[in-house]
Structure formats: C-alpha cells, structure tokens
Amino acid sequence: MNWLPKGSTPWLVAHELRLAFRGRPTAQRSALIFLGILGALAFGVGLTVAYALRKVEIPITPISALIFDLVLVAVFTLMLSVTVSRAAQIFFERGDLELLLSSPISGRRVLTARCVGMALSASLMFLLLVTPFVVSSAVLGRPEWLWSYGVLVSASFLATALGLVIAMGLFALIGPRAAKTLAQILSAVIGASFYLLSQMGRYLDLGPVTRSPGFWRDAMTSLLQTGLFAPDQPLSWPLQAITGAPVPATAMIVSAFVIFLLVTAALGARFERDAAAAAGVGAGRGGTSTKVRRFSEGPFSAMMRKELTLFRRDIALIAQVLLRLLYLVPTGFVLFKSIKTGSDIAIPTIVSILTFMSAQIAGSLAWIAVSGEEGLELLAASPAPAQGLRRAKLVAVLVPVGWLMIIPLGLIAWTSPQGGAAALLGVIASALSAGLIAIWYETPTPRTQFRRRRGGSWVGNLAEFGLSALWASTAGLAATAWWPFALFPALLAIGVLFAVQRPQKTYAETLPGA
Amino acid sequence: MAAEQTWDGPNALVVRGLTKTYGAKTAVDQLDLTVRQGELYALLGPNGAGKTTTLRMVTGLLKPNSGSIAVCGVDALATPAKAKALVAWLPDEPMLYDKLTPLEYLDFVAGLWSVPGKVAKARAEEILKAFDLWDQRNKPCEGFSRGMKQKAALAGALIHDPKLLILDEPLTGLDASMARLIKDMLQQRVRDGGTVILTTHILEVAERLADRIGVIASGKLTAQGTLDELRAVAGKDNSTLEDVFLKLIDEPIAP
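Here is what the cut-offs are and how they apply
Residues numbered from 1 in each chain as written. Chains lettered and ligands numbered in written order. Predicted model: local features only at pLDDT ≥ 70, side-chain atom pairs only at ≥ 80, totals over all residues. Heavy atoms only, no water. Helix = DSSP H or I, 4+ residues; strand = E, 2+ residues; numbered from the N terminus. Buried < 20%, exposed > 50% of the residue type's maximum accessible area, 1.4 Å probe, protein only. Contact = heavy atoms within 4.5 Å. Areas by Shrake-Rupley, 256 points an atom, 1.4 Å probe, with all protein chains shown as cover. Core = buried A, V, L, I, M, F, W, Y, C linked by side-chain atoms within 4.5 Å. Pairing = 2+ DSSP bridges. Axes fitted to C-alpha atoms, helices over the stretch in contact; angles between N-to-C directions. Buried area = accessible area lost by both parts, 1.4 Å probe. Salt bridge = Lys/Arg side-chain N within 4 Å of Asp/Glu carboxyl O. Polar contact = N/O pair within 3.5 Å; in protein donor to acceptor, adjacent residues only side chain to side chain. Nonpolar A, V, L, I, M, F, W, Y, C, P; charged D, E, K, R; others polar. Lys, Arg positive; Asp, Glu negative; His and termini not counted. Parallel < 35°, antiparallel > 145°, perpendicular 65-115°, else oblique.

Caption draft 1: Spotlight on the overall build of chain B. Looking only at helices and strands, one finds nine helices and 10 strands in chain B. Counting the 255 residues in chain B, one finds 56% classified as buried. Across chain B, the fraction of contacts at a sequence separation of at least 24, relative to all contacts at a separation of at least 6, is 68%. If you sum the accessible surface of chain B, you get close to 10,600 Å²; carbon and sulfur atoms cover 48% of it.

In structure tokens, the structure reads:
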C-alpha cells in the first residue's frame, strides 16, 4: 500500500483490508491442505457445469428474470444482514477509530473507506462461491459471465449503503447502546427473512388459499402478469447484466456506486458525531442495582454467578446465539401442528430437533464462557483449581439452556410422557457434551470474535456437530416404539466423547508465552 | 554485589536460581531474590530486563525452566494453589470485566480466593469507600476512566487481604491525586505488616517509597539493598537513585 497516496480513500481502504486479513487466525498447514482440496473440488464442479453450459444461452424471459431476481434478493438479504451488523460495530469496536478520527483525515473519508472494506468483505463469500464457475466459463469462451462479479459487488455496495442508513437511523432513534443490540437482532432477522418468508405458507394459517398447492404458483403468475419482468423493464436488468449485456450491467454497477457514495457523503459528518457519542457510552450510564448484593461463597459459586451475569448483560452476544435458531422456527411450527393430526413421526422429530438445538445453544454459550474468558490472568493467579472453575462455567451454561427448553419440554411431556422423558435426556446429554467439547478444545479468543468461533479446532467442531446429531438420533429413537435401538447412537456418542477427550490445561498454561 | 545487612526475620519471598528462556533468549538468568516480610520492595530495571517475567513466575502465571520460589515459606512450584492464596497480582494493564460492576468484580475475585461472603462484603465496602469508588459500585466498569479501572483492579487485588502484593507499574498513566492515593495505600499496607513488591520506571517513587530496591538487568539481579547500600555498590555516595540506577545497569551517566 506504499504506492497509494497517504491519507487518500484507497490508502484507507487498503489499511482496512490489511486489518481484516490480519485479524483472521493464522491458517495451519492441515487447514491449508483442506482448503486446497476444497478449492480443487469446487473448481472441478465449476468446470463441469461451465462445460455443460458453454453453448447454452440463458433466455431473457419474464419467468427467468423473476427467478434470478428472487435469487439476487436472497443474496442481498444475506449481504444486508452482514452490513447492518458491521455498520453498528463500526461505532463500538473502537480499534483504530480514535486514531483515525483524531487525524487530519476527514470523518467522511474514514467512513467511506470503512464502508468500502465492509462491502468487499460482505461480497467475498459470494465472489468465492461463483468464481469456479465464472472463471471456468471465461476460459471456455464465455467471458460475459465475468459481469456477475460486477453485479455481486454492486449488490454488496448497495447493501452496505442500506445497512449504514439502518444502523445510523437506529443510532439516532434509540441511542447507541440499544442501537447496537437491536442492529444485531435485526441483522439476524434480515439474514433469515428470505427463508422465513419462503416458509410462511407452511406455518401461518392465512386461510384455505395459503394451504392450496397452487398458491405460490398463482402468486408468481400474478407477478409475471404485471409486466414488470419483461426484457425491457429494469427488473430484468440483473439477469441481463450477468449474461453480459453491457448497458444493464453498467447501469446497475454505476447506480449502486452512486447511491453508495451519496449515502457515505451524506452521513459522513454525522458519523464523527455518532462515533464520539458511542465512545462515551457507559460513562454516564445508571447503575444496575442500588442494593448491596450478597457475596458468593467459594470459587464455584463466584464463577457461576459471574458467567450468568455476563450472559444477562451481553444481550447483543446472546441475541446472536439465539437468533441462529430462527431457521428452525418454521420446522417447529409445522411439527407442533402435525401433533394435532396424530402423525407418528411428529413427536420423535420434535424431540430430535430440540436435542440438536440444545446442543447448538449450549455449544455457543460454552464457547463464550470458556474460550471467551476475559480474565485468564486473574484466574491463573488465583488459587482456585481450573477444573472446578470450568465445571462452574459448564453449569452456568446449562442454566439458560434449561430455561429455554422448559416450555417445549413441558409441551412434549404433556402430549407424550415417553417423548418428554426422551427429550429431557437428549437435551441434558447433548448440552453437556457440547459444553465438554468447548472445555476440551478451549481456544482463548475475545468474546467479540464469537462469529469466528468455528476457526478453532476442526476436531472439536466436528465432534460437537457429530455428538449433536448422535444425541438427536438417540433422543428421537427413544421417543418411538423402537426405543431400545436408541442405545446404539447413545453408545456411539459416549465412545466419541471418550475418543475426543483432551486433558485440561491450567489457566496459566493457556496464557501467551507460557 | 555488596553485602547487605543481615536479616534473621521471616521472608515473604525467596527466589533461588530462577531461569526462564524463550527459545534461545534467556529472559531471566539464575536470579536470586529475597523480599522480607513487611517491606516495600521496588524492582527496577530497563525495559526487557526480566522484571515482569520474574514477577509472573512468582505469581504462577509462567513456569520457570529451573529454580525455586517460596512465598512466605510455601513452595510455589510444588504447591502453587497454596502460594497463590497468599499473593495478589496487579498487572500493568489490569483486566476488568467491562460488563461487571466494581462490586460484582470484587464479589467474583473474593470467590476465587474463597473469602467468606460476609467478610468479603464488609471488606469490599471498606476498600471501595477508601478508593472513592463506593458511589460507582453499581455501575459497569466499561465506562470507567483508566484511573478508576486501576483503582477497581487494585481493590480486587486487596479483597482477599494478600500477604504479598505484587504490582507491575501500578502508577503508569495515573493523575497526581490517584497516584498519591495508591502510594499512601501501599505505605499503609506495609505499616500494617503486609509486603509489597512493585516495579516502576518512576525512580522517584522507588526512592521515596521503597525500603529496599532490587536492580535487574539482562535477567540478572545486579544489586539489591537500601538506597544507601546501592549507593555504596555503585560507588556513588550522595547521588540520586537515577545516577545509581544508570551506573548499576551499566549505562553511561549523563554529566
């Protein structure tokens, strides 16, 4: 980045990208080999598809335009989900913000650079996903597919502009602290919105018409009859753009960039003000309680109380954990509805899903409590045994899981006592397993890096997922008439637990330079 | 090293032959150190001399390659939990849980050191009032200034009434009144029979507060004793600690 003019927007963007990549955990050799194999496989698939489609011309018709627009809307919502969350973080994850804002560089320029970095990172996953096909197609004589890069990048710049407007709007309306939390929740809801909407007909009883198999087909036909997706209409531009029509492609890209620049220019001045306001959050905040509380007795109780308090206080982080479960909501609705119809598979399926969910929640919370421990040095300097402290963390993790599961467990038990017992055992076993995996594969990482928690041990990740599936199968089978068969996955799960067990380190051993 | 005045009393810390290496680099090299009970001991040395590494080994945060550490007669390497129960450690960048209030933080630390609830509660109130943090006791630490955070962390270090209080650069970045408060507290602690070890780059602090001073350079203790004893070692009678220090770490002394 030395050749870029110092203090210019491109120089700042290069700085952002450098920080983004330096922040990632260093790839280990095994991870690099795995990525290499994955890349080769992706290119194999991409090349095959590109070869099969090398002579196929995508028809520009209203129906193809509508289908592609729906795909693009799905991609856009996922990008928007990322950008809303990142836009809110801009103000709170201080990093070098104070340094930048105290420099002679204008706040507007800082915001633009930060947003460019945000847009590029939001589009990165999609760019990587299409690259095997796009590059293979270009090599096989269809270079027009390269325009899809432009379409994706312009969508991400548009998503960034909108994400910024939403985050700063929330900031202005409800203040910095609430804005941060709400933006995280909104981000998860937006990310799941396309899926939830697509499933709406299955779980919302909007009358006989939504239950009709032809409802969605009729809805699409009505949309097509509006004429908005005709080849001469702007809604067909995205499809035309990726198939190489230069005018729609250029129009899309230019308009996205213009909107992006206008938004960042308009909000630049406000950005400095809001960032300064966010820096003062907490200082003037009222107390949490005025009474002098009872003090804990012993390390176990102290640790449990501390973890539960931190869970309760970090609403944004806990929202991230719980909102992942949004994707299971439609399935849950459908299954609970099917209990009414007396379906044989409804209860075992619900029991399995509940068991899997409890493992997911417990795994996430355990990662926050164990790997996200902020006071490692304090714990290392204390005489309390590490094993006991980690056990207290595990119990603290099980408490919120228990609260979350109590109602569904009660409903299942009310409908089927056997199902209730199976679900209870499944929930406890899967949550405990996930917690133990988090302890055995502890990787000290700041809590703010929760989204990157999968960057730790792949053995731990695989074991957590495998055990969740095994306990889900165990609980599901235990809820059926063939309950003795539940022993097989249960024994397998116990075997896996023994196989992946690792000796626990002391806290001093986890410190850097130990 | 010049002979120190003999001491027959109990020692708070006895370190013998302590060595810590990082690859080819020896951070602490066969270090011997004795800190007497009821004294304020200042460990001085240039950056990278091995002060923090030594103290981190004493507190059980780092494992030495060789040597022995005894805290109030307890072998810290053989029975680390027993030794840790006697020590409090305040690093130069103390960690506070941002989402906890000072009271909750003290509750947590007291729990780690198994201080009975009622005792901890009373002590927390006493310390927070002494540190002028009582009014802030129910506010999350995330909004605190550096000085307030330092005070809250120091309160945490004192909640279990340690026999040996070890502080790494405790006055860095504090304003004059805050620094004064902490210096007074440290002196009071020593008057009450406690032992304090601190590292500092502010030589005036060591000169005014410390009963004895140790000078460490390149991982070795080059001298230890009272200021007068150090002057004698350096051959700098009536000199300031700064002159003595620069002489002892073998750096040129400005005319």
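Caption draft 2: Layout of the nonpolar core. Core analysis: the largest hydrophobic core is formed by 109 residues, its most contacted members being Leu13, Ile69, Val71 and Leu186 of chain B. The dominant element in this core, judged by the number of residues it contributes, is helix H3 (residues 102-112) of chain B, at seven residues. Not counting chain neighbours up to four residues away, the residues in contact with Ile69 of chain B comprise Leu13, Val14, Val15, Leu18, Met57, Val58, Val74, Asp75, Ala76 and Leu77 of chain B. In terms of nonpolar packing, the next biggest core, distinct from the first, is built from 40 residues, Leu100, Leu127, Leu170 and Ala179 of chain A among them.

Caption draft 3: How the structure looks around the sheet that holds strand S10 (residues 220-225) of chain B. All names here are of chain B. Across the sheet, six strands lie side by side as S6-S7-S8-S3-S9-S10; this open sheet has mixed pairing. Two strands in the sheet have a free side with no partner beyond their single neighbour: strand S6 (87-90) and S10. Between one strand and the next, the sheet's axes are offset by a mean angle of 15°, whatever the strand orientation. Here helix H8 (residues 227-234) sits on the sheet and contacts strand S9 (212-217) and S10; the angle it forms with S10, its principal contact strand, is near 125°.

Caption draft 4: A look at the interface of chain A and chain B. Each partner contributes residues to the interface: chain A has 44 residues there, and chain B has 42 residues. Taken together, both faces of the contact between chain A and chain B bury some 3,500 Å²; the carbon and sulfur share is 61%. A per-residue breakdown of the area chain A buries against chain B is headed by Phe295, Leu378 and Pro383 of chain A, which together make up 20% of the total. With a shortest N-O distance of 2.7 Å, Glu104 of chain B and Arg313 of chain A are connected by a salt bridge. If you look at where chain A meets chain B, you find nine residue pairs in polar contact (both at pLDDT 80 or more). Listed by contribution, the elements that provide at least two residues to the side of chain A that touches chain B are helix H13 (298-313) and helix H17 (376-381) of chain A. Of the residues forming the side of chain A that touches chain B, the biggest block, nine residues, is contributed by H13 of chain A. Per-class residue counts for the side of chain A that touches chain B are 19 nonpolar, 12 polar and 13 charged.

Caption draft 5: Summary view of the side chain of Glu169 of chain B. All names here are of chain B. By the secondary structure assignment, Glu169 is in the loop between strand S7 (164-168) and helix H6 (176-191). Comment: no salt bridge for buried Glu169; closest opposite-charge side chain is Lys51, at 5.2 Å. Residues within four places of Glu169 in sequence aside, it is in contact with Asp92, Gln150, Thr199, Thr200 and His201.

Caption draft 6: Structural context of the packing of helix H19 (residues 417-440) of chain A against helix H20 (residues 458-478) of chain A. All names here are of chain A. Between H19 and H20, whose axes approach to 8 Å, the crossing angle comes to 170°. Regarding the angle of H19 to H20, the classification is roughly antiparallel. Contact with H19, carried on its side by Gln418, Ala422, Gly426, Ala429, Ser430, Ser433, Ala434 and Ile437, involves Gly460, Ala463, Glu464, Leu467, Trp471, Ala475 and Ala478 of H20 and no other residues of that element. For the contact of H19 with H20, a count of residues per class yields nine nonpolar, five polar and one charged.

Caption draft 7: Broad picture of the pattern of salt bridges. This structure, assessed with the given rule, holds 20 salt bridges over all chains. Arg146 of chain B is the partner of Glu93 of chain B in a salt bridge, and the nearest nitrogen-oxygen pair spans 3.7 Å. Of the two residues, Glu93 of chain B sits in the loop between S6 and H3 while Arg146 of chain B sits in helix H5 (residues 146-158), which places them 53 residues apart along the sequence. What you see here is one network of salt bridges that share partners, running through Lys306, Glu307, Glu373, Lys393 and Arg447 of chain A.

Caption draft 8: Fine view of the environment of Tyr195 of chain A. Residue and element names in this part refer to chain A. Here Tyr195 shows up in helix H7 (residues 176-198). Here Tyr195 falls in the partly exposed class, since its relative accessible area comes to 30%. Residues Tyr195 and Ala74, 121 residues apart in the sequence, show an inter-C-alpha distance of 8.2 Å.

Caption draft 9: Representation of the environment of Val189 of chain A within the structure. Residue and element names in this part refer to chain A. Locating Val189 in the fold gives a position in helix H7. On the basis of relative accessible area, Val189 is assigned to the partly exposed category, the value being 36%. Sequence separation of Val189 and Thr77 is 112 residues, and the distance between their C-alpha atoms is 9.6 Å.

Caption draft 10: Region of the structure containing the sheet that holds strand S2 (residues 25-36) of chain B. Residues and elements named next belong to chain B. Here four strands make up an open sheet; going across it, the order is S2-S1-S4-S5 and the pairing antiparallel. Where the open sheet ends on each side, the last strands, each with one partner, are S2 and strand S5 (74-75). Relative to S5, strand S4 (residues 66-71) runs antiparallel, the two being bridged by two bridges. Considered in S5, the bridge of Ala70 is made with Asp75. Along the sheet, helix H1 (residues 51-58) makes contact with strand S1 (11-22), S2 and S4, crossing S1 at roughly 115°.

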